[in-house]
Amino acid sequence: MSLEETRTHTAVHVLKGAAQKVLGAKWTASVHVSGTHGRLTVQFDRKPSADELERVEEAANAKVAEGAEVVEFEMDRDEAEMHFGDAIYDLFPIPPTVTRLRIVRIPDWNINCCVENHVDSTGLVGRMRLGQPRFRNSKKELELEFDLEG
Ligand SMILES: [Zn+2]
């Protein structure tokens, strides 16, 4: 993964935190990163309003401006579940044979097990601009597209 895509991938974690806080979207269905373009698909029950989307974008960019720490650590799976519950998981399952997890945490914002690379501060991500979202009613999935500026 290039540094550019490491930034974009880290931006997905920042955006997820914003989508969870503003919309209450808890579950990630899928993630896609290509260059400075990213897409976060979350489970959601409707198309958000323009105002809500603006608030998601603002919250994500405020977290970038804050330069919050991005912490990576490893933990035994059962211990991690005890501490963090299902907050560390996405809709796509991790095989039961995996007993140790790599966890990525932006304190008070987002926690997820993840094996990708991340920049160590949200300040290194750069500003995000959200595009038009797509809502798939049949799957109850909301696709949040974004581009990194600069
Ligand atoms: Zn990650």
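Here, the structure is the one placed above.
Draft legend 1. Seen up close, the sheet that holds strand S5 (residues 110-113). Sheet architecture is open: 3 strands sit in the order S3-S4-S5, paired in antiparallel fashion. Single-partner strands in this sheet number two, and they are strand S3 (71-76) and S5. Averaged over neighbouring strand pairs, the angle between their axes works out to 25 degrees when direction is ignored. For S3 and strand S4 (residues 100-106), the ladder comprises 6 bridges, and the chain directions are antiparallel. Within the sheet, the bridge partner assigned to Glu72 lies in S4 and is Val104. Strands in contact with helix H3 (residues 77-84) are S3, S4 and S5; relative to S3, the strand with the most contacts, it is inclined by about 115 degrees.

Draft legend 2. Region of interest: unusual backbone geometry. A positive phi angle, close to 60 degrees, is found at Asp108, a residue other than glycine. Its location among the elements puts Asp108 in the loop between S4 and S5. The backbone phi angle of Lys140 is positive, close to 55 degrees, even though this residue is not glycine. Within the secondary structure, Lys140 sits in the loop between strand S7 (134-136) and strand S8 (141-148).

Draft legend 3. Structural context of the pairing of strand S2 (residues 37-43). Of the strand pairs in this sheet, strand S1 (residues 28-34) and S2 are connected by 6 bridges, and their pairing is antiparallel. Its bridge partner lying in S2, Val31 is registered against Leu40. Here S1 folds back onto S2, and the loop between the two strands holds 2 residues, one of which, Gly35, carries a positive phi near 60 degrees. Direction of pairing for S2 relative to S8: antiparallel, over a ladder of 7 bridges.

Calculation criteria
Residues numbered from 1 in each chain as written. Predicted model: local features only at pLDDT ≥ 70, side-chain atom pairs only at ≥ 80, totals over all residues. Pairing = 2+ DSSP bridges. Helix = DSSP H or I, 4+ residues; strand = E, 2+ residues; numbered from the N terminus. Axes fitted to C-alpha atoms, helices over the stretch in contact; angles between N-to-C directions. Contact = placed C-beta atoms within 7 Å.

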